[in-house]
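Residues per chain, in single letters:
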Amino acid sequence: GLSSAYIGGKFDLYVQRLVDAKQAMPTLILAMMLVTLFGSGMWAAVIAIGILGIGGGSRVVRSSVLSIKQEMYVEAAKAIGANPLRIMFHHILPQVTPLLIVLASISIPAAITTEASLSFLGLGVQPPAPSWGNMLSGPGRAYMVSAPWLILAPGIALSLVVLAFNMLGDSLRDVLDPRLRGSRKS
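What this report covers is the structure whose coordinates are included nearby. Note that the structure is predicted; figures quoted are calculated from it, not measured. Each chain carries its own residue numbering, running from 1 in the written order of its sequence. Reporting in this predicted model follows two pLDDT cut-offs: at least 70 for local features of residues, and 80 or more for side-chain atom pairs to be given and counted; totals over whole chains, interfaces and linings ignore these cut-offs and use all residues. The side-chain numbers reported here are obtained from all heavy atoms of the structure, hydrogens and water having been left aside.

### Looking at the overall build of the chain
Piece 1. In terms of regular secondary structure, the chain is built from ten helices and zero strands.
Piece 2. A helix here means a DSSP run of H or I that spans at least four residues, while a strand means a run of E at least two residues long, and both kinds are numbered starting from the N terminus. Helices (α) and strands (β) of the chain occur, in sequence order from the N terminus, as α-α-α-α-α-α-α-α-α-α.
Piece 3. Against the compact-globule benchmark of 16 Å for 186 residues, the chain has a radius of gyration of 21 Å, which places it well outside the compact range.
Piece 4. Oriented by its inertia axes, the alpha-carbon framework of the chain measures out at about 70 × 50 × 25 Å.
Piece 5. Only protein chains enter the accessibility calculation, which uses a 1.4 Å probe; a residue whose area is less than 20% of its type maximum is buried, one above 50% is exposed, and one in between is partly exposed. Among the 186 residues that make up the chain, the fraction classed as buried is 30%. With the radius of gyration taken over C-alpha atoms, the globule rule is written as 2.2 Å times the number of residues to the power 0.38.

Okay, here's the thing in structure tokens:
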């Protein structure tokens, strides 16, 4: 998003079309495809989830960089002949860092649920390695009728962790977003 917005032109167009194409595909189906390509297991799931995370916040970062690159200090850096990489990484990136932190905290729950889904389907982390998806599938399914409380613990734990990271992301946004700094009530 940073390089796309700063460089602009055809490079921006092509990068954003790639992001559009990636976002048009359902995440779980793409993850299943990648895991079957790499083979099932923990590292295959990590690689698949990592690949899926690429470009997730690209549009948000791009829109922020488009407004930041019009600021006077960026124009001044250009005027004194600063290298474009220096402008991107020393002048623009620090302004986008709070946004990146919030985006990361919001994407963690998606990664957790994707891993649990892959493990539930038998494509992610393989038993005996612990995974909430494994706890809900396999032998756990046999007890869903006779002892349904056994599946409550992993289901509730998964829900609470996802909720906690979502609340962390909201709190970080409230603290780090400069547009919200003056609007908080004491």
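Structure's up, so let's keep going.
### Examining the packing of helix α7 (residues 84-120) against helix α10 (residues 152-176)
Piece 1. Running from N to C, α7 and α10 point in directions that differ by 170°, and their axes come no closer than 8 Å. Classified by the interaxial angle, the pair formed by α7 and α10 is roughly antiparallel. Across from Pro98, Ile101, Val102, Ser105, Ile106, Ile108, Pro109, Ile112, Thr113 and Ala116 in α7, the residues of α10 making contact are Leu158, Val161, Val162, Phe165, Asn166, Leu168, Gly169, Leu172, Arg173 and Leu176.
Piece 2. Gly falls in the polar group here, along with every residue not listed as nonpolar (Ala, Val, Leu, Ile, Met, Phe, Trp, Tyr, Cys, Pro) or charged (Asp, Glu, Lys, Arg). Tallied by class, the residues present in the contact of α7 with α10 amount to 15 nonpolar, four polar and one charged. Lines fitted to C-alpha atoms define the axes, with helix axes restricted to the stretch in contact, and inter-axis angles between N-to-C directions lie between 0 and 180 degrees. Orientation labels follow simple angle bins: below 35 degrees gives roughly parallel, above 145 gives roughly antiparallel, 65 to 115 gives roughly perpendicular, and whatever is left gives oblique. Contact definition: two residues touch when any of their heavy atoms are within 4.5 Å.

### Considerations on the pattern of salt bridges
Piece 1. What counts as a salt bridge is simple: a side-chain nitrogen of Lys or Arg found within 4 Å of a carboxyl oxygen of Asp or Glu. In total, this model carries four salt bridges according to the counting rule given.
Piece 2. Here Asp12 and Arg62 are joined by a salt bridge, their closest N and O atoms 2.7 Å apart. Residue Asp12 is located in helix α2 (residues 9-24), and its partner Arg62 is located in helix α5 (residues 58-68); the two are separated by 50 residues in the primary sequence.

All quantities given are derived from atomic positions and should not be read as evidence of function.
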